[in-house]
Amino acid sequence: MKNKLEIFKKAPDLLDEPEVQELLDYCERLEDELVDLKFEKEKSKELIMLDMIKEVIKGCNAIQKEQLEHERFGYEAPNYQATISNLKSYILEICRINKIYL
């Protein structure tokens, strides 16, 4: 898909017009719906697992960052037991919802 700046690069002043803004907003909503529809159509366990793994990695990175900050500033260490329990619950819930059996 073309970027809106590419489309209006010869007339950037048109981007300020209310009708153009409305059209761009509408196109953005359609793109979101298309992505959602594509996901629903291709909803496979592989995509679900990939999304779940990305979320787990984000969580792990956040915990590592938090640990570094605690070490740097001398704060009390985070409660890893609760973090691990929450992570396990998240994985099991996603698997249950999507009928993925580990």
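This is a predicted model, so every value here is computed, not measured.

1. Quick look at the overall build of the protein
Okay, step 1: Along the protein, the regular secondary structure elements total four helices and zero strands.
Okay, step 2: Listed N to C, the secondary structure of the protein is α-α-α-α in terms of helices and strands.
Okay, step 3: Scored against the burial criterion, the 102 residues of the protein give a buried share of 14%.
Okay, step 4: Accessible surface for the protein amounts to roughly 9100 Å². Of this, 57% is attributable to carbon and sulfur atoms.

2. Description of a negative patch on the surface
Okay, step 1: A contiguous patch of negative charge on the surface is contributed by D13, D16, E17, E19, E22, D25, E28, E31, D32, E33 and D36.
Okay, step 2: Relative to the helices and strands, D13 is located in the loop between α1 (4-7) and α2 (18-41).
Okay, step 3: Taking relative accessible area as the criterion, D13 reaches 52% and is therefore assigned exposed.

3. Let's talk about the pattern of salt bridges
Okay, step 1: As enumerated under the stated definition, the model contains two salt bridges in all.
Okay, step 2: The salt bridge partner of R96 is E93, with a shortest N-O separation of 2.5 Å. Pair noted here: R96 and E93 are both in helix α4 (residues 80-97), with a separation of three residues, about one helical turn.
Okay, step 3: For E93, a relative accessible area of 34% translates into the label partly exposed.

4. Quick word on the packing of aromatic side chains
Okay, step 1: Inspection of every chain in the model, using the stated rule, returns one aromatic pair.
Okay, step 2: Between F73 and Y75, the ring centres sit 5.9 Å apart and the planes meet at 35 degrees, which makes this aromatic pair tilted.
Okay, step 3: F73 gets classed as partly exposed once you look at its relative accessible area, which sits at 48%.

5. Observations concerning the side chain of N98
Okay, step 1: Positionally, N98 belongs in the segment after α4.
Okay, step 2: The exposure class of N98 is buried, given its relative accessible area of 16%.
Okay, step 3: In terms of polar contacts, N98 uses its side chain to reach the backbone carbonyl oxygen of I94, at 2.9 Å.

6. Description of helix α3 (residues 45-73)
Okay, step 1: In this model, α3 (29 residues) spans 42 Å end to end at C-alpha, consistent with the 42 Å of a helix rising 1.5 Å per residue.
Okay, step 2: Where α3 is concerned, the buried positions are I48, M52, V56, I63 and H70.
Okay, step 3: Buried residues along α3 sit against α4.
Okay, step 4: Within two residues after α3, G74 carries a phi angle of roughly 75 degrees, on the positive side.

Cut-offs used in this document
- Residues numbered from 1 in each chain as written.
- Predicted model: local features only at pLDDT ≥ 70, side-chain atom pairs only at ≥ 80, totals over all residues.
- Heavy atoms only, no water.
- Helix = DSSP H or I, 4+ residues; strand = E, 2+ residues; numbered from the N terminus.
- Buried < 20%, exposed > 50% of the residue type's maximum accessible area, 1.4 Å probe, protein only.
- Areas by Shrake-Rupley, 256 points an atom, 1.4 Å probe, with all protein chains shown as cover.
- Patch = residues over 30% accessible without salt bridge, like charges linked within 9 Å, V, L, I, M, F, W, Y side chains within 5 Å.
- Salt bridge = Lys/Arg side-chain N within 4 Å of Asp/Glu carboxyl O.
- Lys, Arg positive; Asp, Glu negative; His and termini not counted.
- Charge placed at Lys NZ, Arg CZ, Asp CG, Glu CD.
- Phe/Tyr/Trp six-rings, centres within 6.5 Å; stacked < 30°, edge-to-face > 60°.
- Polar contact = N/O pair within 3.5 Å; in protein donor to acceptor, adjacent residues only side chain to side chain.
- Expected span 1.5 Å × (residues − 1).
- Contact = heavy atoms within 4.5 Å.

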